[in-house]
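Fold and contact review
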Amino acid sequence: MGPGGDRRRGRRITAFAAAPLAFAFAASAAAAPPPAAPVPAETADETLYMSLADLTGELYKCVGPYMQEVGGPKVAAKVYAAGRYPALVVSASSVLGSGHLTVLSARDNPAGSVGQTQSLIVAMGMLGSSDANSIRQNLLSAKAVAIVATEIAGVSEGRCKVSPELTAAIARVPPEP
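Computed from a predicted model, the values in this text were never measured in an experiment. (Residues numbered from 1 in each chain as written. Predicted model: local features only at pLDDT ≥ 70, side-chain atom pairs only at ≥ 80, totals over all residues. Heavy atoms only, no water.)

**Some thoughts on the environment of methionine 50**
With respect to the helices and strands, the residue methionine 50 is situated in helix α2 (residues 44–70). What makes methionine 50 partly exposed here is its relative accessible area of 40%. Taking the C-alpha atoms as reference points, methionine 50 and leucine 139, 89 residues apart in sequence, are found 9.0 Å from one another. (Helix = DSSP H or I, 4+ residues; strand = E, 2+ residues; numbered from the N terminus. Buried < 20%, exposed > 50% of the residue type's maximum accessible area, 1.4 Å probe, protein only.)

Structure, rendered in structure tokens:
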């Protein structure tokens, strides 16, 4: 024994003092955020959606100003006069579904009219601007916008051109029943 006490007592105090430090370290290590989860790879549908959105966005840089210049009702009249009404009904059915009231009304009148052409364009535009809750809804919304953009480009007197990539992307989206 040395003066003033036991040597072992000094070692026990040091061990007791180190214990809270070890617990604090362990607690901070446990409180650290978990490692980031791996980012899931995009699905084929997500890739198609992004491609369709990008290609349509490029086309809208041309058809948007054209539509503003000419006006919606006149564009619908041009689409109808160009004989695009039957194809527009089929396209609208592929995104809105065959049971949609606008599609049913259009199918009841195969000759169509400027007003029905405009109604189909508006219905697809509304779908394109709606909030989507799934990748399928995103695809249908993007396809609807792309269809309207291609129809407008078709009557733009050659000012706007539809890329073959956009046409292929539209065709890859399965139709709505």
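From this point, things continue past the structure.
**A word on the state of the cysteines**
The final tally for this structure, using the stated rule, is one disulfide. Across the disulfide from cysteine 62 sits cysteine 160; the S-S distance is 1.9 Å. Disulfide cysteine 62-cysteine 160: torsion about the S-S bond near -85°, hence left-handed. Taken as a pair, cysteine 62 in helix α2 and cysteine 160 in the loop between α7 (135–154) and α8 (164–172) lie far apart in primary sequence, 98 residues in all. The class of cysteine 62 is partly exposed, set by a relative accessible area of 25%. On the basis of relative accessibility, which here comes to 4%, the residue cysteine 160 falls in the buried class. (Disulfide = S-S within 2.5 Å.)

**Digging into unusual backbone geometry**
The phi angle at glutamate 157 is positive, at roughly 55°, despite the residue not being glycine. Along the chain, glutamate 157 falls in the loop between α7 and α8.

**What to know about the pattern of salt bridges**
Under the criterion given, the structure shown has five salt bridges. A salt bridge links arginine 84 to glutamate 151; the nearest nitrogen and oxygen atoms lie 2.8 Å apart. Here glutamate 151 lies in helix α7 and arginine 84 lies in the loop between α3 (72–81) and α4 (85–96), a separation of 67 residues in the sequence. Looking at glutamate 151, the relative accessible area reads 6%, which means it is buried. (Salt bridge = Lys/Arg side-chain N within 4 Å of Asp/Glu carboxyl O.)

**A word on the environment of arginine 84**
In this structure arginine 84 comes out as partly exposed when scored by relative accessible area, which is 34%. Distance in space between the C-alpha atoms of arginine 84 and threonine 117 is 8.8 Å, their sequence separation being 33 residues. The residues touching arginine 84, leaving out its near neighbours within four places in the chain, are Val79 and Glu151. (Contact = heavy atoms within 4.5 Å.)

**Notes on the side chain of serine 93**
Positionally, serine 93 belongs in helix α4. Look past the residues within four positions of serine 93 in its chain and what remains in contact with it is Ser98, Val103, Arg107 and Glu176.

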